[in-house]
Amino acid sequence: MKQPNRHVIALINYLVLVPLVYFIPKWMNPHLPEDMWLQVAANVAVIVVIISYLVMPLLSKLNQHFQPKA
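Computed from a predicted structure; not experimentally measured.

## Re the packing of aromatic side chains
Considering all chains together, one arrives at two aromatic pairs under this definition. With 5.6 Å between their ring centres and 20° between their planes, Phe-23 and Trp-27 make a pair best called stacked. Residue Phe-23 and its partner Trp-27 are both found in helix 1 (residues 6-28); the two are separated by four residues, about one turn of the helix. Site record: aromatic cluster; members linked through ring pairs are Tyr-22, Phe-23 and Trp-27.

So, in structure tokens, the structure goes:
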């Protein structure tokens with residue numbers, strides 16, 4: 001299987017991360033303690049889980065689907 005272009009992966013990561021970094025803290029921070037470090041740690045943990053377990057596996061499956069058959 002051919003590896004996807006690094007530039008395409010970087011662009012996809014950027015496009016997925018921007019809305020997550022914008023919206024996740026707005027949704028989570030009202031429900032978290034006032035400690036800024038704890039808020040940042042919790043927000044990053046949620047974003048990493050979304051990227052690692054939802055976005056990247058989906059993109060990997062899509063990449064395999066669109067690869068030319070040998």
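## Brief notes about helix 2 (residues 36-65)
For an α-helix, 3.6 residues make a turn, and residues three or four places apart therefore share a direction. Here helix 2 contains 30 residues, and its C-alpha end-to-end distance of 42 Å stays within 8% of the 44 Å for a straight helix at 1.5 Å per residue. Bending of helix 2 peaks at approximately 35° at the position of Ile-51. All buried positions along helix 2 are accounted for by Gln-39, Ala-42, Asn-43, Ile-47, Ile-51, Val-55 and Asn-63. Lining the buried residues of helix 2 we find helix 1.

## Quick word on helix 1
With 23 residues, helix 1 should reach 33 Å at 1.5 Å per residue; the first-to-last C-alpha distance of 31 Å fits that figure. Among all positions of helix 1, only Leu-20, Ile-24 and Met-28 are buried. Check the buried side of helix 1 and you find it contacts helix 2.

## Things to note about the environment of Asn-63
Relative to the helices and strands, Asn-63 is located in helix 2. Relative accessible area serves as the criterion here: at 19%, Asn-63 is assigned to the buried category.

## As for the nonpolar core
By size, the foremost hydrophobic cluster in this structure holds seven residues: Leu-20, Ile-24, Met-28, Ala-42, Ile-47, Ile-51 and Val-55. For this core, the secondary structure elements donating two or more residues are helix 1 and helix 2. Per element, the largest residue contribution to this core is four residues, and it comes from helix 2. Ignoring anything within four residues of it in the chain, the contact list for Ala-42 reads Met-28 and Leu-32.

## Concerning the side chain of Gln-39
Relative to the helices and strands, Gln-39 resides in helix 2. Exposure remark for Gln-39: the relative accessible area of 9% places this residue in the buried category. Ignoring sequence-local partners within four residues, the contact set of Gln-39 consists of Asn-29, Leu-32, Pro-33 and Glu-34.

Each value, and the rule that gives it
Residues numbered from 1 in each chain as written. Predicted model: local features only at pLDDT ≥ 70, side-chain atom pairs only at ≥ 80, totals over all residues. Heavy atoms only, no water. Phe/Tyr/Trp six-rings, centres within 6.5 Å; stacked < 30°, edge-to-face > 60°. Helix = DSSP H or I, 4+ residues; strand = E, 2+ residues; numbered from the N terminus. Expected span 1.5 Å × (residues − 1). Bend = angle between axes of the 7 residues up to and from the residue. Buried < 20%, exposed > 50% of the residue type's maximum accessible area, 1.4 Å probe, protein only. Contact = heavy atoms within 4.5 Å. Core = buried A, V, L, I, M, F, W, Y, C linked by side-chain atoms within 4.5 Å.

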